[in-house]
Amino acid sequence: MHIRKLTGLFGAEISGADLRDPACFDAIKEAFIQYSVIVIRGQRLTPDDHLAFARRFGPINVNRFFTKLESHPEVALVLKEKDQKGAIGEEWHTDHSYDVAPATGSILHALEVPPHGGDTVFVSMADVFESLSEPVRRMLRGLSAWHSSRHVFGETQGNSEAAQSGRIGNAALATQDVLHPVVIRHPLSGREGLFVNPQFTTRIEGLLPGESAAILEMIYAQCRKPEYQARVSWNVGDVTMWDNRATWHKAINDYHGYRRYMHRVTVEGCALQPAQA
Ligand code: SIN
């Protein structure tokens, strides 16, 4: 197995591994914890193989809103047809941050990719946190923020292209509002990292709306700097697993007129602890 870093800060590409082989697992888990995003090239996983790999990390979290693979409801479809405009996940976000126990990680397997574009970009939230000044870090460690699924997957989304085309559904289940620390202690690496994101975080608890918006924007402006980002280009067969407690991601929607089809399996997580208890 060969591991090559994607950037100076995080992300790694793994070649020479077979995700169906349990003997590869310990090294892959170690890479996941160390690099936060791992790209394992050249896999051909059946849905059962995909699920078996995911279950080595923990129980599966079945996404309430994504369309499921009929034969395997634990597998969510991430699909954009060639005549559709919007892509699933094209806003910066952290999967499942609206859950009480946000998911450990998501595992995306590319089955059909466009001839160009369709990359996924990630942000390292521990590296962004470490880039801030100590007085700001101290202030953020004392804060908590609300996250919600309502405005993204709820009834107000009924007219969206994603809902109309059946790619997302179950709007009635978008009832989660949950408070998480703004700075968490990562459950596996022990590293401090920011846990807020533009799509699901609605406000910082106890602050005036303007204060909350200004602090979130200060964090987000740092996240948008390419220094803290890693970009993954896909080939058919690739598997990328990302750490939802350590990263944001965004699907780049620049391949209009082509189909992109992925299977996603998400691993259950745990309640998050503040960096400073
Ligand atoms: C997602 O947000 O889960 C999808 C990411 C992608 O399609 O690249």
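Look up: the structure comes first, before these words.
**A look at the nonpolar core**
- Counting residues in each nonpolar core, the largest one holds 28 residues, and the members touching the most others are I28, I38, F53 and F57.
- Listed by contribution, the elements that provide at least two residues to this core are strand 2 (12–15), helix 1 (25–35), strand 3 (37–40), helix 2 (47–57), strand 6 (72–80), strand 15 (239–243) and strand 17 (260–267).
- When residues of this core are assigned to their parent elements, the largest contribution, five residues, is made by helix 1.
- Those residues in contact with F53, other than ones at most four positions away along the chain, are L19, F25, I28, I107 and M241.

**Some thoughts on the pattern of salt bridges**
- The tally for this structure, following the rule as stated, stands at 19 salt bridges.
- The salt bridge partner of D18 is R20, with a shortest N-O separation of 3.1 Å.
- We classify R20 as partly exposed; its relative accessible area is 46%.
- One salt bridge connects R141 with E192, and the closest N-O pair in it is separated by 2.6 Å. One end of the pair, R141, is in helix 4 (residues 134–141); the other, E192, is in strand 12 (residues 192–194), with 51 residues separating them in the sequence.
- Connected via shared salt-bridge partners are E134, R137, R138, R141 and E192.

**Re the site of the ligand**
- With respect to spatial proximity, the complete set of residues near the ligand consists of V78, G89, H93, L108, T120, W242, H249, A251, R260 and R264.
- Within the side chain of H249, an N or O atom sits 2.9 Å from an oxygen atom of the ligand.
- In the environment of the ligand, an oxygen atom lies 2.8 Å from a nitrogen or oxygen atom belonging to the side chain of R260.
- Here the ligand has 260 Å² of accessible area as a free molecule, and 100% of this is covered by the chains.
- Only strand 16 (247–251) and strand 17 provide two or more residues apiece to the shell around the ligand.
- Split into classes, the residues belonging to the shell around the ligand amount to four nonpolar, four polar and two charged.

**Things to note about the sheet that holds strand 16**
- Spatially, 14-8-16 is the arrangement adopted by the three strands of the open sheet, whose pairing is antiparallel. Only two strands of the sheet have a single partner each, and these edge strands are strand 14 (229–232) and strand 16. The mean angle between the axes of side-by-side strands here comes to 20°, regardless of whether they run parallel or antiparallel.
- In this structure, strand 8 (residues 120–124) lies alongside strand 14, joined through four bridges in antiparallel fashion. Across the sheet, the residue bridging to F122 is A230, located in strand 14.

**A short note on the packing of aromatic side chains**
- Scanning all chains against the criterion turns up nine aromatic pairs.
- On the basis of an interplanar angle of 75° and a centroid distance of 5.4 Å, the ring pair of F32 and F57 is categorised as edge-to-face. Here the residue F32 occupies a position in helix 1, and F57 occupies one in helix 2, the gap between them amounting to 25 residues.
- On the accessibility criterion, F57 (15% relative accessible area) is buried.
- Judged by centre distance (5.7 Å) and plane angle (45°), the rings of W92 and W248 are tilted. Of this pair, W92 sits in the loop between strand 6 and strand 7 (105–112) while W248 is found in strand 16, placing the two residues 156 residues apart along the sequence.
- Classification of W92 by relative accessible area gives buried; the value is 14%.
- The positively charged end of K80 is found above the aromatic ring belonging to Y255, 4.4 Å away from the centroid.

Rules used in this analysis
- Residues numbered from 1 in each chain as written.
- Predicted model: local features only at pLDDT ≥ 70, side-chain atom pairs only at ≥ 80, totals over all residues.
- Heavy atoms only, no water.
- Core = buried A, V, L, I, M, F, W, Y, C linked by side-chain atoms within 4.5 Å.
- Buried < 20%, exposed > 50% of the residue type's maximum accessible area, 1.4 Å probe, protein only.
- Helix = DSSP H or I, 4+ residues; strand = E, 2+ residues; numbered from the N terminus.
- Contact = heavy atoms within 4.5 Å.
- Salt bridge = Lys/Arg side-chain N within 4 Å of Asp/Glu carboxyl O.
- Near = heavy atom within 4 Å.
- Polar contact = N/O pair within 3.5 Å; in protein donor to acceptor, adjacent residues only side chain to side chain.
- Areas by Shrake-Rupley, 256 points an atom, 1.4 Å probe, with all protein chains shown as cover.
- Nonpolar A, V, L, I, M, F, W, Y, C, P; charged D, E, K, R; others polar.
- Pairing = 2+ DSSP bridges.
- Axes fitted to C-alpha atoms, helices over the stretch in contact; angles between N-to-C directions.
- Phe/Tyr/Trp six-rings, centres within 6.5 Å; stacked < 30°, edge-to-face > 60°.
- Lys NZ or Arg CZ within 6 Å of the ring centre and 35° of its normal.

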